[in-house]
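Coordinate inspection notes
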Amino acid sequence: MKRKGLLSTFAFLLAAPGAFAQQVRIGVLGLFHPREITLGAAEGEAIVVTAAGQVFVLEPGVRVATARIEVAGPGLLLQFNGRLVHADEMHAAGRNQQAVGFLVGIPGKISRKYQGTLSVRAINGEAVPVVTMDLETAVASVVAAELTKDTPLEALKAQAIVTRSYFLAGKGRHQDFDFCDTTHCQFLREPPRAESPPAVATVATRSLFIAHGEKPITAMFTGSCGGHTRTLAEVGVSPGNYPYYSVVCDVCYKSPVRWTRKFSEQEAAQLLGKGEAGRLAVDRHLGWDAVPSNNYTAREQEGVVILEGVGQGHGIGLCQRGARAMAQAGASFREIVSHYFPNTTLSNLNTSMAF
Ligand SMILES: [Zn+2]
Ligand SMILES: [Zn+2]
């Protein structure tokens, strides 16, 4: 019943009168570099798979309801119920080519549920699944992945607006889809249940985005800011259509999240003086939390470089820890958004002239 509830909510969103049916294409599970994936039915609906002009139907509740898709030469090999098809690309959708709930798995590693339509291609020897989903489904999925269940509702709403703005303005970092599902773009997992706080926060702020000069901004967010948020120039990121401002964040100013790390001189050379790009390069190499933020001091001691820093993430835009504290103190989502994004307005997709 819970799953049905989710479906009916998002179906309602799509059917809402006047709603602008924005969609986003998310490249999923790329972190695993899969050569083989599985596709299965979820939610009690049939999935229609098309590949090389052939059609397969994955019926829910039937024992063999999973298709296997693997990289074969320059293309894909699709296996379903004893049938084999070679294809450059495959698509999956509901019976009327509509969005549908489905499971994408990587054997032995992960299985994740999505709501939308799916296409898979082989690119550089990897199977690349791309889910085209309704903007609001994508927003709810990011809010659920980003913030813990005990986050106050107004902070979840602020995150939903930031996430929606990013989806509207931040395309162009990938060639084969609009966004990936890692923190490179925005962390995205499964859509939350309809009655869950992330879904409620998404519905409550439906279509709202942060605008600067009437256009949506590529709104950024950070785990905690260390006392004040940072400008793009401070961290060596080139400005987009919004310059960002350094604003004081009370909770982080009074008690910043502190961290200490030790590096070899060689590792430190990759990092020091190179801003956010240097931090991300080291994190890619040594793990995502190797250098938690770019707000630190460095000193050398007996051949080791010791970094002492504050904050988590790049420090730009919405501070998630600060938003949580503001919401706990009674601030509304509008107050939270306008605090971290000065000189912006909240616009609505349904009435904005920018689209
Ligand atoms: Zn990305
Ligand atoms: Zn903060």
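The structure we're discussing is the one just above.
**Describing the overall build of the protein chain**
On a plain count of helices and strands, the protein chain comes out with 10 helices and 20 strands. In terms of C-alpha radius of gyration, the protein chain reaches 22 Å, essentially the compact-globule figure of 20 Å for 355 residues. The principal-axis extent of the C-alpha atoms belonging to the protein chain is close to 65 × 50 × 35 Å. By residue count, 50% of the 355 residues in the protein chain fall in the buried class.

**A look at the pairing of strand S18 (residues 304-310)**
By the criterion of burial, S18 is predominantly enclosed, with 5 of the 7 residues buried. As paired elements, strand S16 (residues 258-264) and S18 share 7 bridges and run antiparallel to each other. The residue bridging Ser 264 from the neighbouring strand is Val 304, located in S18. Relative to S18, strand S17 (residues 296-301) is paired through 6 bridges, and the arrangement is antiparallel. Its bridge partner being in S18, Glu 300 is matched across the sheet by Val 305. As consecutive antiparallel partners, S17 and S18 are separated by 2 residues, and within that stretch Glu 302 has a phi angle of approximately 50°, a positive value.

**So, the coordination of the zinc ion (ligand 1)**
Six octahedral donors at a metal ideally form angles of 90 or 180 degrees, and four tetrahedral donors ideally form angles of 109.5 degrees. Protein coordination at the zinc ion (ligand 1) comes from His 174 (NE2), Cys 180 (SG), His 184 (ND1) and Cys 185 (SG), with a distance range of 2.0 to 2.3 Å. Around the zinc ion (ligand 1), the 4 donor atoms are arranged such that angles at the metal cover 102 to 116°; this shape is classified as tetrahedral. Each donor residue of the zinc ion (ligand 1) lies on one chain, and together they are spaced H-x5-C-x3-H-C. Of the two residues, His 174 sits in the loop between helix H3 (153-169) and strand S12 (179-180) while Cys 185 sits in the loop between S12 and helix H4 (197-204), which places them 11 residues apart along the sequence. We classify Cys 185 as buried; its relative accessible area is 7%.

**Structural notes on the coordination of the zinc ion (ligand 2)**
Protein coordination at the zinc ion (ligand 2) comes from Cys 225 (SG), Cys 249 (SG), Cys 252 (SG) and Cys 319 (SG), with a distance range of 2.3 to 2.4 Å. Geometry at the zinc ion (ligand 2) is tetrahedral, judged from its 4 donor atoms and the angles of 101 to 115° they form at the metal. In the primary structure, the donors to the zinc ion (ligand 2) are separated according to the pattern C-x23-C-x2-C-x66-C. Residue Cys 225 is located in the loop between strand S15 (221-222) and helix H5 (232-235), and its partner Cys 319 is located in strand S19 (residues 318-319); the two are separated by 94 residues in the primary sequence. Judged by relative accessible area, which is 2%, Cys 225 ranks as buried.

**Observations regarding empty space enclosed by the protein**
In total, this model carries 2 cavities of 30 Å³ or more according to the counting rule given. Here the second largest cavity defines a volume of roughly 30 Å³. Residue lining of the second largest cavity: Leu 147, Thr 151, Ala 155, Gln 159, Leu 318, Gln 320, Ala 323 and Arg 324, and that is the complete set. Counting residues per element, the ones that place at least two in the lining of the second largest cavity are H3 and helix H9 (320-328). Broken down by element, the residue count for the lining of the second largest cavity peaks at 3 residues, all from H9. For the lining of the second largest cavity, a count of residues per class yields 4 nonpolar, 3 polar and 1 charged.

**Examining helix H8 (residues 275-286)**
For H8, built from 12 residues, the straight-helix expectation of 16 Å at 1.5 Å per residue is met to within 8% by its first-to-last C-alpha distance of 17 Å. The inward-facing, buried residues of H8 contact H5, S16 and helix H7 (265-271). A positive backbone phi angle near 120° is found at Gly 287, which sits one or two residues after H8.

**Points about the sheet that holds S17**
The 3 strands lie next to each other as S16-S18-S17, forming an open sheet whose pairing is antiparallel. What marks the edges here is a single partner per strand, and that holds for S16 and S17. Averaged over all neighbouring strand pairs, the angle between strand axes comes to 20°, with direction disregarded.

**Digging into the environment of Arg 258**
Locating Arg 258 in the fold gives a position in strand S16. By relative accessible area, Arg 258 is classed as exposed at 64%. Note: C-alpha distance between Arg 258 and Ser 111 (147 residues apart in sequence) is 35 Å. In this structure, Arg 258 is in contact with Gly 309 and Val 310, ignoring residues within four places of it in sequence.

Reading the values: rules and limits
- Residues numbered from 1 in each chain as written.
- Chains lettered and ligands numbered in written order.
- Predicted model: local features only at pLDDT ≥ 70, side-chain atom pairs only at ≥ 80, totals over all residues.
- Heavy atoms only, no water.
- Helix = DSSP H or I, 4+ residues; strand = E, 2+ residues; numbered from the N terminus.
- Rg over C-alpha atoms; globule rule 2.2 N^0.38 Å.
- Buried < 20%, exposed > 50% of the residue type's maximum accessible area, 1.4 Å probe, protein only.
- Pairing = 2+ DSSP bridges.
- Donors = N, O, S within 2.8 Å, 3.2 Å for Na, K, Ca; no water.
- Tetrahedral: all angles 85-135°; square planar, octahedral: opposite > 155°, others 65-115°.
- 1 Å grid on protein atoms, 1.4 Å probe; cavity = no way out; pocket = protein on both sides within 12 Å on 5 of 7 lines; lining within 4 Å.
- Points joined across faces, edges and corners; volume = space filled by probe spheres on them.
- Nonpolar A, V, L, I, M, F, W, Y, C, P; charged D, E, K, R; others polar.
- Expected span 1.5 Å × (residues − 1).
- Contact = heavy atoms within 4.5 Å.
- Axes fitted to C-alpha atoms, helices over the stretch in contact; angles between N-to-C directions.

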